[in-house]
Every structure is written in structure tokens, then in C-alpha cells.
Amino acid sequence: MRLHLVDGTYELYRAHFAPRPGHSDPSGKDAKASVGIVESMLALLHDADEAVTHIAIAFDNPIRSFRNDLFLPYKSDEGVPPELRSQFDAAEDAVRAIGASVWSMREDEADDGLATGARMFRDQVEQVRILTPDKDLGQCIQDDRVVQVDRRQKKVTNESAFRAERGFGPESMADFLALTGDSADGFPGLPGFGKKTASMLIGAYKAIEQIPANPAEWKVTPRGALQLAATLVEHREDALLYRKLATLLDTVPLGCSLEDLEFHGVPRARFERWCDELGVQRLKTVPKRWQS
């Protein structure tokens, strides 16, 4: 058994902005993203190499969470194209129509749902595969038991590959992001800290608190160490806040068991009704495994 945990929000955005023809439902409402995510998930569910047995797809709905209360500029629904925002609920219904489980996140984020799912079920399956290129999810990687998959790049990252690429372990990813910032999530990091410098320091000390205030005591010598050390002292509280923003929760109440996430095939009647409602008859003919 292997559990696929999918970043539905990423998939939805990718479908909306993909350079492919648009689609409107029979009423004229934009449905490009909803149709696109269904096509993407059908491809995943019938990919022999991925061999999906259990699956959950997590969505941010809305794109606000408790983190916005901690840091006002944190990512939100502001700036989301209205034609995309109007499909958030519809996309969840579309995914249910193909027989996949949906985690719709309200106070927490989709990433928190994915992190929780990885923790809850990693010892019950051969492997948990987290499908997203989002670097935040790197903190969930564990040996070969929990891996991160970038479908577009056809890249699978386990813990040894993560350490080789990053220079530190998954448990330190939030500390790294606290120093470098994360433009996708809307927090800036600390002035002067690039990826190379942050990797060097986090690789040596694992956590922000473990970095000595005096750069003369550092095990590593990044360029501009004196200024970097001064910045760490001056912006310590900022760094700890950014780390809190970057740290994924793995205790979100999901209210499901592994059995609930088993993929039994596409429910024919429900899926074909969805095709009729969206005006995508062509998807009825795509080869698929139907529920028996």
C-alpha cells in the first residue's frame, strides 16, 4: 500500500494558469481549473508507476489560516483571480466525483493537512508520497517512508536526497525558511541571508537558537559573518516568528482512517453526471478504472 497526499491548491492553480484552452460550463461559468485538476488527477490515479492505492487531496479553502493572525502580510485570498476563486468549492466537488478523498482546510492550511496525514499514516503503508513542489513539505520527509514528489520535474526526494541537496535535514527546513524567507507564503526572512549562507549555518547548527551570537565561535565562515551575526541578534524575534509561520502542523483533526482513503475506482454514475454538468463529454471516454 502507498498513500498519495496531493497539494490540491497547487494543482488547481497549475490547471488555471496552464497554457491550454479555457473551458466554460453550459451556463458560461469559467471551469478551466476544475476540468484541469480532474484531468491531472485521473492521470495520476491511472499511472502504473505511481500505483495509487490510497489518496487524499488537500485544499486551502479559503487561502487564509491562523497564520494570518500572526503575520498580516502572510498569503491570503487577496489577488486571487475571481474566476479561479469561484472554483474552489467546485474543484473539491470535481475531485470527489473521481472517487478521491478531499481534505478541505479552513483554519489551517492544506500543507498542515498533508503534514498531518503523513504523520498519521506513515507507519501503516509502505510509503507516503507527498505530491507538491512546495519546499515547505520538505520538513515531512522521513527516510524512504515519506518522500516528496514533483510530478512536473519527475523528481522524487527521499531523506538522503534532501540532505545531499540542502546540506541539512528535513527537521531544519522551517529554520532555513525563517532565514531566507518564502515569497510564496509572504514572509521576507532576514536581511543578507541567502540560500547558501542559510544552508551553511543551518547545516552546522540545525536550529536558529543553536547559532552562537559571536561569529568567532561559528563552526563555519560564511561571507559577511560579522554582519550576519549582528542581524541574527537584532532580528531574533522576527526569525522565530518566521519559523513559526513555516512550521507545518501535524495535529490537524482530519477525521478519517486509512481505510477511508482507499481508492476503489472512479464512480461511473457520479463521474458521468459531473461530466454532463461541466460539459466535458470527452472525459467520459478516457480509459479509467471504474468502481465495481
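This structure is a prediction, so every number in the text was calculated from the model and none was measured.

A tally of helices and strands in the chain yields 12 helices and six strands. For a compact globule of 292 residues, the expected C-alpha radius of gyration is about 19 Å, and the chain comes in at 21 Å, within 12% of that figure. Principal-axis analysis of the C-alpha atoms places the extent of the chain at approximately 70 × 40 × 35 Å. Per-residue burial for the chain yields a buried fraction of 53% across its 292 residues. Counting contacts in the chain only where the partners sit at least 6 residues apart, residues at least 24 apart contribute 66% of the total. Accessible area for the chain stands at about 13,700 Å²; split by element, carbon and sulfur atoms hold 49% of it. Taken as two groups, the 37 positive and 46 negative side-chain charges of the chain have centres that lie 4 Å from each other.

Attention shifts here to the pairing of strand β4 (residues 127-131). Within β4, five of the five residues are buried, which leaves it mostly tucked inside the rest of the structure. Neither face of β4 is open: one carries Q127, R129 and L131, the other V128 and I130, and all of them are buried. Two strands pair when backbone bridges link them, and strand β1 (residues 2-7) and β4 are joined in this way by five bridges, in the parallel orientation. Paired with V6 across the strands is L131, a residue of β4. One ladder, built from four bridges, connects β4 with strand β5 (residues 146-150); its direction is parallel. Bridged to V128 within β5 is V146.

Moving on, we get to the sheet that holds β4. Strand pairing in a sheet relies on backbone hydrogen bonds. The paired strands run either parallel or antiparallel. With mixed pairing, the six strands of this open sheet are ordered in space as β3-β2-β1-β4-β5-β6. Each having just a single partner strand, β3 (101-105) and β6 (155-157) make up the two edges of the open sheet. Ignoring which end each strand starts from, the neighbouring axes of this sheet average 25 degrees apart. In this sheet, β3 lies alongside strand β2 (residues 54-60) in parallel orientation, the contact comprising five bridges. Counted as the bridge partner of I57 is V102 from β3. Strands in contact with helix α2 (residues 32-45) are β1, β2 and β4; relative to β2, the strand with the most contacts, it is inclined by about 155 degrees. Packing against the sheet, helix α5 (residues 88-97) makes contact with β2 and β3, and its axis sits at approximately 175 degrees to β2.

A few words on the pattern of salt bridges. As enumerated under the stated definition, the model contains 21 salt bridges in all. Salt-bridge contacts for D93 lead to R96; the nearest nitrogen and oxygen are separated by 3.3 Å. With a gap of three residues between them, D93 and R96 both fall in helix α5, about one helical turn apart. Overall, R96 belongs to the partly exposed group, its relative accessible area being 28%. Each of R67, K75, E109, D112 and D185 takes part in a single network of salt bridges with overlapping partners.

Running from amino to carboxyl end, α2 crosses helix α12 (residues 268-278) at an angle of 150 degrees, the nearest separation of the two axes being 12 Å. Between α2 and α12, the angle is such that the two are roughly antiparallel. For the element pair α2 and α12, the recorded crossing hand is left-handed. Mapping the contact onto sequence places S34, V35, V38 and L42 in α2 and F271, W274 and L278 in α12. Among the residues forming the contact of α2 with α12, the class breakdown is six nonpolar, one polar and no charged.

Here we come to the packing of aromatic side chains. Evaluation of the coordinates by the stated rule reveals seven aromatic pairs. Through pairs of rings, three or more aromatic residues link up here, namely F71, F187 and Y242.

How each quantity is defined
- Residues numbered from 1 in each chain as written.
- Predicted model: local features only at pLDDT ≥ 70, side-chain atom pairs only at ≥ 80, totals over all residues.
- Heavy atoms only, no water.
- Helix = DSSP H or I, 4+ residues; strand = E, 2+ residues; numbered from the N terminus.
- Rg over C-alpha atoms; globule rule 2.2 N^0.38 Å.
- Buried < 20%, exposed > 50% of the residue type's maximum accessible area, 1.4 Å probe, protein only.
- Contact = heavy atoms within 4.5 Å.
- Areas by Shrake-Rupley, 256 points an atom, 1.4 Å probe, with all protein chains shown as cover.
- Lys, Arg positive; Asp, Glu negative; His and termini not counted.
- Charge placed at Lys NZ, Arg CZ, Asp CG, Glu CD.
- Pairing = 2+ DSSP bridges.
- Axes fitted to C-alpha atoms, helices over the stretch in contact; angles between N-to-C directions.
- Salt bridge = Lys/Arg side-chain N within 4 Å of Asp/Glu carboxyl O.
- Parallel < 35°, antiparallel > 145°, perpendicular 65-115°, else oblique.
- Left-handed = near helix turned anticlockwise from the far one by under 90°.
- Nonpolar A, V, L, I, M, F, W, Y, C, P; charged D, E, K, R; others polar.
- Phe/Tyr/Trp six-rings, centres within 6.5 Å; stacked < 30°, edge-to-face > 60°.

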